[in-house]
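Coordinate analysis (summary)
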Amino acid sequence: NAGVTQTPKFQVLKTGQSMTLQCAQDMNHEYMSWYRQDPGMGLRLIHYSVGAGITDQGEVPNGYNVSRSTTEDFPLRLLSAAPSQTSVYFCASSYGPESPLHFGNGTRLTVT
Amino acid sequence: GENVEQHPSTLSVQEGDSAVIKCTYSDSASNYFPWYKQELGKGPQLIIDIRSNVGKKKDQRIAVTLNKTAKHFSLHITETQPEDSAVYFCAASGAGSTLGRLYFGRGTQLTVWP
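Quick look at the structure, then. (Residues numbered from 1 in each chain as written. Chains lettered and ligands numbered in written order. Predicted model: local features only at pLDDT ≥ 70, side-chain atom pairs only at ≥ 80, totals over all residues. Heavy atoms only, no water.)

Quick look at the overall build of chain B
Within chain B, the secondary structure is distributed over 0 helices and 11 strands. Tracing chain B from N to C terminus, the helices and strands come up as β-β-β-β-β-β-β-β-β-β-β. Over its C-alpha atoms chain B spans a radius of gyration of 14 Å, differing by no more than 12% from the 13 Å that the globule rule assigns to 114 residues. Based on the C-alpha atoms only, the size of chain B along its principal axes is roughly 45 × 30 × 20 Å. (Helix = DSSP H or I, 4+ residues; strand = E, 2+ residues; numbered from the N terminus. Rg over C-alpha atoms; globule rule 2.2 N^0.38 Å.)

Here is the structure:
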């Protein structure tokens, strides 16, 4: 099993550009989520989904969109990149609401 | 929502010594408390978790304790080894309208010196 796969691993954007961070899992997990990790700030939840067709906002949702058309995929869209979105982004999945999270290896995004 | 505080932010120990990381949480309805280890360049990985109906859990050199009354939980690593060096995160589950969320502490950078 591949687990949680994130692409790309690295990305550089100019301010105002848009892009989509991809996330796929092959564990048939219902719950998927996106976190951003910044130095000294821990992991902050951006958006999450409890199943296909259902998404909800986390702590820091502004500037990001998500959709969940299939159980396997949960892409994160940056609408108009800003330098404040420079961060490492992690996608995670779990079987249920109080189950272990499985993380991908992250996407390091730099916005200039 | 839930607020998780984690201390210390950095911890240095000699190989063979014990390491303790402490976390507090704010929502008494939280039921699930996992701990994650993150090595450089990788995503966090679960190392141990505990649920609210259990006071202590142990897995080889790693143990976690939970005090629901005081709303705090701790990670204990005994006989530390250089490969234990990493960033450790505690987390607490949401409840009610925030069920499905995990709230993370800010992390502890553990360094084990040989």
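Next, the rest of the story.
A closer look at the pairing of strand β5 (residues 45-51) of chain B
Residue and element names in this part refer to chain B. Across 6 bridges, the pairing between strand β4 (residues 32-38) and β5 is antiparallel. If you follow W35 over to β5, its bridge partner there is I48. Linkage of β4 to β5, two consecutive antiparallel strands, is achieved through a turn of 6 residues, within which G41 is found at a positive phi near 80 degrees. (Pairing = 2+ DSSP bridges.)

So, the environment of B:K68
Residue and element names in this part refer to chain B. If you trace the backbone, K68 turns up in the loop between β7 (62-67) and β8 (72-77). For K68, a relative accessible area of 30% gives the class partly exposed. Between the alpha carbons of K68 and A29 there is a distance of 9.7 Å; along the sequence they are 39 residues apart. Residues in contact with K68, not counting those within four places in the same chain, are Y25, S28, S30, N31 and S52. (Buried < 20%, exposed > 50% of the residue type's maximum accessible area, 1.4 Å probe, protein only. Contact = heavy atoms within 4.5 Å.)

Focus: the layout of surface pockets
Over the atoms, a rolled probe matching the size of one water molecule traces out where space is still vacant. Here the largest pocket defines a volume of roughly 700 Å³. Contributing to the lining of the largest pocket are 32 residues, with A:Q37, A:V88, A:R108, B:Q38 and B:L40 lying nearest its centre. Counting residues per element, the lining of the largest pocket draws most heavily on strand β11 (residues 107-111) of chain A, at 4 residues. A breakdown of the residues in the lining of the largest pocket according to their chemical character gives 9 nonpolar, 17 polar and 6 charged. Broken down by secondary-structure element, the contributors of at least two residues to the lining of the second largest pocket are β1 (4-7) and β10 (102-103) of chain A together with β4 and β5 of chain B. Element by element, the count of residues in the lining of the second largest pocket is highest for β1(A), at 3 residues. For the lining of the second largest pocket, the class distribution of residues is 8 nonpolar, 10 polar and 4 charged. (1 Å grid on protein atoms, 1.4 Å probe; cavity = no way out; pocket = protein on both sides within 12 Å on 5 of 7 lines; lining within 4 Å. Points joined across faces, edges and corners; volume = space filled by probe spheres on them. Nonpolar A, V, L, I, M, F, W, Y, C, P; charged D, E, K, R; others polar.)

Things to note about the packing of aromatic side chains
Scanning the entire structure with this criterion turns up 12 aromatic pairs over all chains. Between A:F103 and B:F104 the ring centres are 6.2 Å apart and the planes differ by 70 degrees, which places this aromatic pair in the edge-to-face class. Taken together, the residues span two chains, with A:F103 in strand β10 and B:F104 in strand β10 (residues 102-104). B:F104 matches A:F103 in its accessibility class, with the two residues each being buried. A:R68 extends its terminal NZ or CZ atom over the ring of A:F74, reaching a point 6.0 Å from the ring centre. (Phe/Tyr/Trp six-rings, centres within 6.5 Å; stacked < 30°, edge-to-face > 60°. Lys NZ or Arg CZ within 6 Å of the ring centre and 35° of its normal.)

Observations regarding empty space enclosed by the protein
Overall, the coordinates contain 1 cavity of 30 Å³ or more when judged by the stated rule. What lines the largest cavity is a set of 15 residues, and nearest its centre among them are A:Y31, A:S33, A:S94, A:L101 and B:G100. Listed by contribution, the elements that provide at least two residues to the lining of the largest cavity are β4 (31-38), β5 (42-51) and β9 (87-94) of chain A. Ranked by residues supplied to the lining of the largest cavity, first place goes to β4(A) with 4 residues. Classifying every residue of the lining of the largest cavity by side-chain character gives 8 nonpolar, 7 polar and no charged.

From the geometry alone we can't say anything about function, so treat these as descriptive.
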